[in-house]
Amino acid sequence: MYDYIGKEKLEELVDTFYSYVSKHERLSPIFPGDWEETARKQKLFLTQFLGGPQYYSMERGHPRMRARHLPFPITIELAHDWLDCMGKAMDDVDLDEEIKEPLLQHLRNVTYHMVNQE
Ligand code: HEM
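To keep things clear, this report deals only with the structure shown in the data block. (Residues numbered from 1 in each chain as written. Predicted model: local features only at pLDDT ≥ 70, side-chain atom pairs only at ≥ 80, totals over all residues. Heavy atoms only, no water.)

1. Structural notes on the site of the ligand
Close to the ligand lie 21 residues, the nearest being Thr38, Lys41, Tyr56, Arg60 and His69. At 2.4 Å, a side-chain N or O of Arg60 approaches an oxygen atom of the ligand. Here His69 contributes a side-chain N or O atom positioned 2.8 Å from a nitrogen atom of the ligand. Contributions of two or more residues to the shell around the ligand are made by α3 (35-49), α4 (55-60), α5 (65-69), α6 (76-92) and α7 (97-111). The dominant element in the shell around the ligand, judged by the number of residues it contributes, is α3, at four residues. (Near = heavy atom within 4 Å. Polar contact = N/O pair within 3.5 Å; in protein donor to acceptor, adjacent residues only side chain to side chain. Helix = DSSP H or I, 4+ residues; strand = E, 2+ residues; numbered from the N terminus.)

2. Notes on the packing of aromatic side chains
A full pass over the atoms with the stated rule returns seven aromatic pairs. Relative to Trp35, the ring of Phe31 has its centre 5.1 Å away and its plane inclined at 35°; by these criteria the two rings are tilted. Aromatic side chains Phe45 and Phe49 sit 5.4 Å apart centroid to centroid with 20° between the ring planes, which places their arrangement in the stacked category. Placement of the pair is Phe45 and Phe49 together in helix α3, with a separation of four residues, close to one helical turn. Following the ring pairs from residue to residue traces out a cluster consisting of Phe17, Tyr18, Phe31, Trp35 and Trp82. (Phe/Tyr/Trp six-rings, centres within 6.5 Å; stacked < 30°, edge-to-face > 60°.)

3. A closer look at the pattern of salt bridges
Inspection of every chain in the model, using the stated rule, returns ten salt bridges. With its nearest N and O atoms 2.7 Å apart, the salt bridge here joins Glu59 to Arg40. In this pair, Glu59 sits in helix α4 while Arg40 sits in helix α3, placing the two residues 19 residues apart along the sequence. Between Glu101 and Arg108 there is a salt bridge, with the nearest N and O atoms lying 3.1 Å from each other. Accessibility expressed as a relative area gives 27% for Arg108, which makes it partly exposed. Beyond isolated ion pairs, a larger network of salt bridges with shared partners links Arg26, Glu77 and Asp81. (Salt bridge = Lys/Arg side-chain N within 4 Å of Asp/Glu carboxyl O. Buried < 20%, exposed > 50% of the residue type's maximum accessible area, 1.4 Å probe, protein only.)

4. A closer look at the coordination of the iron atom of the ligand
No other protein atom reaches the iron atom of the ligand as a donor apart from His69 (NE2), found 2.0 Å away. Along the chain, His69 turns up in helix α5. (Donors = N, O, S within 2.8 Å, 3.2 Å for Na, K, Ca; no water.)

5. Re the packing of helix α2 (residues 7-21) against α6
Between α2 and α6, the least distance of the axes is 8 Å, while the angle of their chain directions is 130°. Relative to α6, the element α2 lies oblique. In the crossing of α2 with α6, the sense of the turn from one axis to the other is right-handed. Between α2, through Leu13, Thr16, Phe17, Tyr20 and Val21, and α6, the contact on the second element is made entirely by Trp82, Cys85, Met86, Lys88, Ala89, Met90 and Asp92. (Axes fitted to C-alpha atoms, helices over the stretch in contact; angles between N-to-C directions. Parallel < 35°, antiparallel > 145°, perpendicular 65-115°, else oblique. Left-handed = near helix turned anticlockwise from the far one by under 90°. Contact = heavy atoms within 4.5 Å.)

Structure representation (structure tokens):
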């Protein structure tokens, strides 16, 4: 998927995604507030997650995504909110229709694993 989407489009997607998250009334307050740094890490991670270079692990070690999310209270509602923001960002950056649904499905598979609160 990384080769199909390309570095530039993926970076645009992540920046657009966090522009939604940073304005979201439920999501925004649980983030540290350094949106550039959060987006930077997410670009590294998604590059790797979608089959591109393993830059995330080179810099930050094993992804351990669920463990890294434990300090943040994540409910199922926030997981839905996260996916909504991602879907809107995909529309905004005009991601190809052929890749949109498979990418969203790939993300859905992991998003609910981050839920750590009732
Ligand atoms: C970090 C929230 C789902 C990937 C974070 C942080 C928060 C957060 C608050 C800390 C930001 C920071 O350290 O700058 C959420 C919420 C989610 C969610 C509410 C909804 C379920 C996901 C998913 C992925 C993901 C599905 C991957 C596909 C990351 C990455 C980081 C991160 C790569 C940076 C980890 C690091 O410090 O190396 N997330 N997240 N998150 N999140 Fe999520």
